[in-house]
Amino acid sequence: MSSTTWSVDDHLEDILAAISPLDPIELQLPDAQGCVLVEDVTVPVALPPFDNSSMDGYAVRVADVAGATEESPSVLTVIGDVAAGSDGPPTVGPGQAARIMTGAPLPPGAQAVVPVEWTDGGAGGGAVRTMRPAGEAPEGASGEVRVHRPVEERAHVRARGSDVQAGDLALEAGTVLGPPQIGLLAAIGRHVVRVRPRPRVVVLSTGSELVQPGEELTEGRIYDSNSFALAAAARDAGAISYRVGAVTDDAEILRATIEDQLVRADLLVTTGGVSVGAYDVVKEALSSVGDEDEPGGRIDFRKLAMQPGKPQGFGSIGPDHTPLLALPGNPVSSYVSFELFVRPAIRTLMGLPDVHRPTVRAVLKADAALASPAGKRQFLRGAYDAESGSVSPVGGSGSHLIAALAHADCLIVVPEAETSVEPGTEVGVVLLG
């Protein structure tokens, strides 16, 4: 048990030094969303894999429509249809045209595509707006099309490899796979990919006073909000999260519950029971469960020079040395602690290059000066206005004020050396959105 007071930075550094990115695994594309790629992916086939039409219209030879006008159209014989995905398109010879749909391969002999709007659509009248459905011969159509404008070679043709060429680097190692990246991998034919998996985070709240939402609230009880907030925060950080509803204030039960959860945890987060009261069950349960054969492996309970969130615990547990962070039980303290310590740990497990929330400087807008305790780094809930570069406090500084937290989108940081911050002063802001 530490008697010294730790700084926020030293505690975070200690956590991140003990956590390594998870080992890479092969995952199917749908399961790889949100994961970090650990290999460079090169393109096996050019995209698009063939010259294709960017319009609905007619595939033609350039010479056949040179000089065409509405008054004096080029009349071409229609030899068939080319639809997207069709095999063996007809060859376009002199004086001929093939109806072609967007995305369909340019047929042999054709040099360009005339958009259907530049033709009579085979109907023998004026310009049309859309292609007729295949097989629906218009009234009076003679299997001919009148083209009203000339085209240059390769007009309205998407060239083979114009998106990516075979051998190009599609995605580099370290890329986080979002929807467009998953789409690109599918487009080049990849169905599995090598990534660091999303970490499995078990969130466990403690306290005999806690009742699950939906149950009856009896005298002296409160609803368990922490396990819901932190499980959601873990998902938001990129993890797969498992929520264990309130465990009663009994060290043996808590220890057994934690040991049961180890099988599905890359990281354990407890909330509550870590300060200096008579019923600080997490401390009691975990002080002896330390990981004796692992250097720095025991669960160390610390006082941090911060507000809210002074009591914190960190260490590893179980045969796989699973990291465990023990957060305080006050809702705001636990959430602020999660943002500062657990989120960077999750993102380190994922192998992300940047594990921290973005920080900015902003001008404080407030009715009065903000007071802050000497020697502690204070984190106040705030609302950030990017347009004016200002930040306003939301709610008071109490660590139980969860309503204010729901309306905040940032944390205002007051450094350890400052005891008062005047309105109009520039302050550090951690953006949570």
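Here the structure is a predicted model, which is why all the values come from computation and not from measurement.

## Notes on the overall build of the protein chain
Then, number 1: Helices and strands together make up the secondary structure of the protein chain, namely 7 helices and 29 strands.
Then, number 2: The C-alpha radius of gyration of the protein chain comes to 32 Å, more than 25% above the 22 Å expected for a compact globule of 433 residues.
Then, number 3: When the backbone C-alpha atoms are referred to their principal axes, the protein chain occupies close to 95 × 55 × 45 Å.
Then, number 4: Here the protein chain holds 433 residues, and the buried ones make up 46% of them.

## Topic: the pairing of strand 22 (residues 322–327)
Then, number 1: With 6 of 6 residues buried, strand 22 lies mostly within the body of the structure.
Then, number 2: Going residue by residue along strand 22, you find Thr322, Leu324 and Ala326 tucked away on one face and Pro323, Leu325 and Leu327 tucked away on the opposite face as well.
Then, number 3: Sheet topology note: the strand 18 (residues 267–271)/strand 22 ladder contains 4 bridges and is parallel. When the bridges of strand 22 are listed, Thr271 appears paired with Leu327.
Then, number 4: Pairing of strand 21 (residues 311–317) with strand 22 involves 5 bridges; the strand directions are antiparallel.

## Topic: helix 1 (residues 8–17)
Then, number 1: Looking only at helix 1, the buried set comprises Val8, His11, Leu12 and Ile15. Down the axis of helix 1, the sector holding all buried residues measures 95°, keeping them to one side. Facing away from the buried side of helix 1 by more than 90 degrees, the exposed set consists of Glu13 and Ala17.

## What to know about the confidence of the model for the protein chain
Then, number 1: Within the protein chain, residue pLDDT values average 88, and 91% of them lie at 70 or more.
Then, number 2: Counted against residues more than four places away or in other chains, residues 137–141, with its pLDDT under 50, gives 6 contacts.

## Quick word on the packing of helix 1 against helix 6 (residues 331–349)
When two helices pack together, their arrangement is given by the angle between their axes and by how far apart the axes lie.
Then, number 1: One way to put it is that helix 1 packs onto helix 6 with a least axis distance of 10 Å and a crossing angle of 30°. When the interaxial angle is binned, helix 1 and helix 6 end up roughly parallel. In this structure, the crossing between helix 1 and helix 6 has a hand that is right-handed. For the pair helix 1 and helix 6, the contacting residues are Val8, His11, Leu12, Ile15 and Leu16 in the first and Leu340, Phe341, Pro344, Ala345 and Thr348 in the second.
Then, number 2: Each residue belonging to the contact of helix 1 with helix 6 can be placed in one class, and the counts come to 8 nonpolar, 2 polar and no charged.

## Things to note about the pattern of salt bridges
Then, number 1: Under the definition given, this model contains 13 salt bridges.
Then, number 2: Between Glu426 and Arg361 there is a salt bridge; the shortest N-O distance is 3.4 Å. Of the two residues, Glu426 is situated in strand 29 (residues 426–431) and Arg361 in strand 23 (residues 359–364); the sequence distance between them amounts to 65 residues.
Then, number 3: For Glu426, a relative accessible area of 47% puts it in the partly exposed group.

## Focus: the pairing of strand 26 (residues 390–393)
Then, number 1: The sheet contact formed by strand 23 and strand 26 spans 2 bridges and is parallel. Paired with Val363 across the two strands is Ser390, which belongs to strand 26.
Then, number 2: The sheet contact formed by strand 25 (residues 377–385) and strand 26 spans 4 bridges and is antiparallel. Bridge pairing links Asp385 to Ser390 in strand 26.

## Some words on the side chain of Ser241
Then, number 1: Along the chain, Ser241 falls in strand 17 (residues 240–247).
Then, number 2: Here Ala231 takes part through its backbone oxygen, which lies 2.9 Å from a polar atom of the side chain of Ser241.
Then, number 3: At 2.9 Å, the side chain of Ser241 and the side chain of Arg235 are in polar contact.
Then, number 4: Setting aside its immediate chain neighbours within four residues, Ser241 contacts Val201, Ala231, Ala234 and Arg235.

## A word on the environment of Gly428
Then, number 1: Relative to the helices and strands, Gly428 is located in strand 29.
Then, number 2: Using a relative accessible area of 14% as the deciding quantity, one classes Gly428 as buried.
Then, number 3: Taking C-alpha positions, Gly428 is 6.1 Å from Ile412, a pair spaced 16 residues apart along the chain.
Then, number 4: Here Gly428 is in contact with Val360, Arg361, Leu411, Ile412 and Val413, once residues within four sequence places are set aside.

## Quick word on the environment of Leu210
Then, number 1: Within the element layout of this structure, Leu210 appears in strand 15 (residues 210–211).
Then, number 2: For Leu210 and Lys283, which are 73 residues apart along the polypeptide, the C-alpha to C-alpha distance reads 18 Å.

Parameters and conventions
Residues numbered from 1 in each chain as written. Predicted model: local features only at pLDDT ≥ 70, side-chain atom pairs only at ≥ 80, totals over all residues. Heavy atoms only, no water. Helix = DSSP H or I, 4+ residues; strand = E, 2+ residues; numbered from the N terminus. Rg over C-alpha atoms; globule rule 2.2 N^0.38 Å. Buried < 20%, exposed > 50% of the residue type's maximum accessible area, 1.4 Å probe, protein only. Pairing = 2+ DSSP bridges. Arc of directions from axis to C-beta. pLDDT = per-residue confidence, 0-100. Contact = heavy atoms within 4.5 Å. Axes fitted to C-alpha atoms, helices over the stretch in contact; angles between N-to-C directions. Parallel < 35°, antiparallel > 145°, perpendicular 65-115°, else oblique. Left-handed = near helix turned anticlockwise from the far one by under 90°. Nonpolar A, V, L, I, M, F, W, Y, C, P; charged D, E, K, R; others polar. Salt bridge = Lys/Arg side-chain N within 4 Å of Asp/Glu carboxyl O. Polar contact = N/O pair within 3.5 Å; in protein donor to acceptor, adjacent residues only side chain to side chain.

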